[in-house]
Structures are given as structure tokens and as C-alpha cells.
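Here's the letter readout for the chains.
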Amino acid sequence: MKTAEEVPFVAFSVKVWKFMGFLFATKYSNQRYFFLLINVALNISQFAYLFTEEKLDKLILNGYFTVWYFNCIMRVVIVLKRQKDYEDCIHKLVRLYNFIETTGDEYMVNLLQEVGKKAHRFSIMNVCLSLTTGACFLIYPVFTGMQDLPYGVYVPFLNTSNRFTYKLLYLYEILATPPGVTLYIPFSNLVISFFLFAHTLMQILRYKLNILMDPEKDQDEKMTEKKLKIAIKYHQVLIVLIDDINSLVVSVSFIEIIFFTMLLCALLFVLNIVELLPQICLSCLYIVLIMTQLFTLYWGANEVTVESLKVREALYDMPWYNMNEKCKKLLLIVMIRSSRPLQIVAGNIYPVTLQMFQSLANVSYSYFTILRRVYQ
């Protein structure tokens, strides 16, 4: 039996956040307070800097990083507040993973392992992309030739133009960047892994429904009824799992809508007013990072919704006309329930779909064009 650190869907995120003391750790973990403290201190100095900066391009670019770090801290606070709920959801995923592996069904096991490996590779690639982007921003002042800190900070009674102070703050920001990334990315990876796992379970459910009746064999009606009841229980487990996932991400996904609109609009505006090539490249890099992060989340949630509707189609495509009356009534009940898609809903208001992602991108661009006209 595999543990949470061995199941490929969540292994990477669990290992990172367990090391940092955010999941599967004691309430008063030293690592937890250390990683939170260095990021909270940086974020406070970033907010203070925004009130002292007058140049618009620097103000907007540093505003992006200020909001980004605040979002990282907010995510962790939400996880810590509902730590038991997140751990219970992970344990439920692990139990289902182990149960499917023990069934011995070749199709189900291969599908689960294949998608699990993809989720694991995606988690590693996502962290590498974010660390690369952060490293580019850390060396950004070297290419501009200006004595600017990567993240604009303001500390009372400290003169950042002083050479020793500048080096000290520069070193602090270098050390704070990897923990900042590991506050943000593992949460995204964990949520996307939940979506991929739910999507895989729905594919397995459709497979179960497709093999419910073998047209080449005279299957006993009681056996068909038994298999159908197992499939129905499996569907109920899926509904509960989606509800659990939705309850964990409902507030974060709503806040992400606001942040995404603001940050994308701000970066597009910065791209429009900056003149230095390093600033242009950096702005483009962060636009790609934001779009990638949000697109993967919305794509994963959209796949859950689309796959849940396919369950209804699989029910209708079955040879239900050859079943007895009891099985037909059971199928009808399941079909009525499956006609309502399983959705991830942001703030219990907006369903998280690719259509919603497109709408957010359009809104961000509209705000950008208005801001550009006002600026010109």
C-alpha cells in the first residue's frame, strides 16, 4: 500500500509542503514559522515600497510582485486554517488510488499510473518554470545597469543606495525567492492533481459502465445488478470527492479571479510603457507564467466538468433495454443525477471552465486598453 509521499498524483507537493511544515506536520512546526516569517517580512517591506515609489513602470512591476507574494502567503494561511481538511482529502485520494491498484484490472491500473506519472512530471516542470522565472528576475538588475533591487523594498532607517545595505538586501531577496515559489506552486500542483485524479476516476467509471454487460456472454441478471450497484456506489464516491475538492478551493479560486485580472492588466500596461529590453523580456516572461498557471487550473477543472457529462452518455449507450426493470430504474436515477455536471465553482458563483478563463483574459485586456488610453 502506497503512502501520500508515494502516490505520484500528490507525492511532489506533499513532500515539499511536509518539509516546509505546512502539511502532515505538528501545529507548532519550526519550519512553518521560518518560511512564513521570511516571506511575510519581505511582503510588508514591498507594500511599504509602493507608497514611496513615484515612477509608474517600477510601481506597477513591483506591485505585481507585492500582490504575488501576498497571494502566496494567503494560500498558505488558508491551507493552515484547514490543514485537517486538506490532509483528509489527500488521504481519501491515496485510499482510492490503492484500492484501484489492488483490483488487478489492467486497464484501470495502467490508466491510473499513466496519468499519475504525467501529474508528477507536470508538478516538477511547474516548479522549475517558476524558479527559472524567479532567477531571471533576480539577475535583472545586472542587465539594466541600475542599482535596483529585484523586489522593491522599503525598510525604515536603511539607505538602500549604500553599497553594504544593497548587497545585504539583495542576498535576502535571493534567499527569499525559492521559499516564495514553494509557497505558491505546490498549492497549484496539488489542486491540479486533484482535478486530474477526479478526471481519471470518471474515465474509470465510464469503463465500468461499458463492461457492465458483455453482449457475447449470457450474464446472470443478478450479476449485472450487482455490477451496476458497484458502479453507482463508485459514482457516489466521485460526487463526494468533487464536493470535498470544491470546498477546499472555492475561496482561493474566487480570489484568483480578481488577482489574475489585476496582474495581467498591470503587466500588459508595463509592457506598453517600458523601453529597456530586459524589462520587456521580463514582462513577457511573467505574462506567460501567469497565463500558464491559471490556464492549467481552469483546464483541469473544465476536464472534470466535461468528463462528468460523458458519464450520462455512457449510461445511455449501454444496452439498458436488455436489463430487468430494477436495473432500468437504477439507471434512470443515476442518469438524472449525472445530467447535472460536477463542477468546481469559484466562490460558489462562477463555474471554473475554459470559457471563464477566456472571459477573464478578455476583461483583463479591456481594462488594459482603458488604462493605456488614460495614460496617453
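Residues numbered from 1 in each chain as written. Predicted model: local features only at pLDDT ≥ 70, side-chain atom pairs only at ≥ 80, totals over all residues. Heavy atoms only, no water.

Student: Tell me about the overall build of the chain, and please be specific about residues and values.
Tutor: The number of helices and strands found in the chain is 11 helices and 2 strands. In terms of its C-alpha atoms, the chain occupies a principal-axis envelope of roughly 85 × 50 × 30 Å. Here the chain has roughly 18900 Å² of accessible surface; of this, 63% comes from carbon and sulfur atoms. Here the chain contributes 35 positively and 29 negatively charged side chains, and the mean placements of these two sets differ by 4 Å. (Helix = DSSP H or I, 4+ residues; strand = E, 2+ residues; numbered from the N terminus. Areas by Shrake-Rupley, 256 points an atom, 1.4 Å probe, with all protein chains shown as cover. Lys, Arg positive; Asp, Glu negative; His and termini not counted. Charge placed at Lys NZ, Arg CZ, Asp CG, Glu CD.)

Student: Describe the nonpolar core, with residues and values.
Tutor: Membership of the largest hydrophobic core comes to 121 residues, with the highest contact counts inside it found for Phe9, Val10, Trp17, Ile90, Phe194, Phe197 and Tyr298. Here this core gets 24 residues from one element, more than from any other, and that element is helix 8 (residues 221-273). With near-sequence residues (within four places) excluded, Ile90 lies in contact with Ala4, Val10, Val14, Leu23, Phe24, Leu190 and Phe194. (Core = buried A, V, L, I, M, F, W, Y, C linked by side-chain atoms within 4.5 Å. Buried < 20%, exposed > 50% of the residue type's maximum accessible area, 1.4 Å probe, protein only. Contact = heavy atoms within 4.5 Å.)

Student: Give a detailed account of the pattern of salt bridges, specifying residues and quantitative values.
Tutor: Under the criterion given, the structure shown has 8 salt bridges. Where Arg82 meets Asp85, a salt bridge forms, and the shortest distance between an N and an O atom there is 3.0 Å. Where Lys84 meets Asp88, a salt bridge forms, and the shortest distance between an N and an O atom there is 3.0 Å. With a gap of 4 residues between them, Lys84 and Asp88 both fall in helix 4 (residues 83-103), about one helical turn apart. Under the relative-accessibility criterion, Lys84 is labelled exposed at 58%. (Salt bridge = Lys/Arg side-chain N within 4 Å of Asp/Glu carboxyl O.)

Student: Which residues make up the packing of helix 8 against helix 11 (residues 354-375), and what are the values?
Tutor: Closest axis-to-axis distance for the helix 8/helix 11 pair is 8 Å, and the angle between their directions is 40°. Our classification of the angle between helix 8 and helix 11 gives oblique. Between helix 8 and helix 11 lies a crossing whose hand is right-handed. Across the interface between the two elements, Ile257, Phe260, Thr261, Leu264, Cys265, Leu268, Phe269, Asn272 and Ile273 from helix 8 touch Met356, Phe357, Leu360, Ala361, Val363, Ser364, Tyr365, Tyr367, Phe368, Leu371, Arg372 and Tyr375 from helix 11. Considered class by class, the residues forming the contact of helix 8 with helix 11 number 17 nonpolar, 3 polar and 1 charged. (Axes fitted to C-alpha atoms, helices over the stretch in contact; angles between N-to-C directions. Parallel < 35°, antiparallel > 145°, perpendicular 65-115°, else oblique. Left-handed = near helix turned anticlockwise from the far one by under 90°. Nonpolar A, V, L, I, M, F, W, Y, C, P; charged D, E, K, R; others polar.)

Student: Outline helix 11, supporting the account with residue identities and numerical values.
Tutor: At 3.6 residues per turn, the α-helix brings residues three or four places apart onto the same side. For helix 11, built from 22 residues, the straight-helix expectation of 32 Å at 1.5 Å per residue is met to within 8% by its first-to-last C-alpha distance of 31 Å. For helix 11, the complete set of buried residues consists of Met356, Phe357, Leu360, Ala361, Ser364, Phe368 and Thr369. (Expected span 1.5 Å × (residues − 1).)

Student: So, the side chain of Ser193: which residues are in play, and what are the values?
Tutor: If you trace the backbone, Ser193 turns up in helix 7 (residues 163-210). In terms of polar contacts, Ser193 uses its side chain to reach the backbone carbonyl oxygen of Phe9, at 2.6 Å. Aside from chain neighbours lying at most four places away, what touches Ser193 is Phe9, Val10, Ala119 and Ser123. (Polar contact = N/O pair within 3.5 Å; in protein donor to acceptor, adjacent residues only side chain to side chain.)

Student: Let's hear about the environment of Pro179: which residues, and what values?
Tutor: Relative to the assigned elements, Pro179 resides in helix 7. Apart from residues lying up to four places away in sequence, Pro179 is in contact with Met20, Phe35, Ile38 and Asn39.

Student: Give a description of the environment of Lys15 that names residues and reports values.
Tutor: Of note, Lys15 is situated in helix 1 (residues 11-19). Given the relative accessible area of 45%, Lys15 is considered partly exposed. Sequence separation between Lys15 and Glu5 is 10 residues; the distance between their C-alpha atoms is 6.1 Å.

Student: Could you give me a rundown of the packing of aromatic side chains, with the residues and numbers involved?
Tutor: Applying the stated criterion across every chain, the model contains 17 aromatic pairs. Between Phe9 and Phe197, the ring centres sit 5.2 Å apart and the planes meet at 80°, which makes this aromatic pair edge-to-face. In this pair, Phe9 is assigned in the segment before helix 1 and Phe197 in helix 7, connecting sequence segments 188 residues apart. Here the aromatic residues Phe65, Trp68, Tyr69, Tyr151 and Tyr184 are joined through ring pairs into a cluster of three or more. Positioned above the aromatic ring of Tyr184, the side-chain terminus of Arg75 is 3.9 Å from the ring centre. Positioned above the aromatic ring of Tyr234 is the side chain of Lys208, whose terminal nitrogen or guanidinium carbon lies 5.6 Å from the ring centre. (Phe/Tyr/Trp six-rings, centres within 6.5 Å; stacked < 30°, edge-to-face > 60°. Lys NZ or Arg CZ within 6 Å of the ring centre and 35° of its normal.)

Student: Which residues make up a nonpolar patch on the surface, and what are the values?
Tutor: Side chains of Phe254, Ile258, Met262, Ile349 and Tyr350 sit close together on the surface and give an oily, nonpolar patch of about 460 Å² of accessible area. Element by element, the count of residues in the nonpolar patch is highest for helix 8, at 3 residues. Tracing the chain through its elements places Met262 in helix 8. Here Met262 falls in the partly exposed class, since its relative accessible area comes to 44%. (Patch = residues over 30% accessible without salt bridge, like charges linked within 9 Å, V, L, I, M, F, W, Y side chains within 5 Å.)

Student: Explain the side chain of Asn302 to me, and be specific about the residues and the numbers.
Tutor: Its place among the elements puts Asn302 in helix 9 (residues 277-317). Beyond its immediate sequence surroundings of up to four residues, Asn302 is in contact with Val352, Thr353 and Leu354.

Everything listed is a geometric property; what it means functionally is a separate question.
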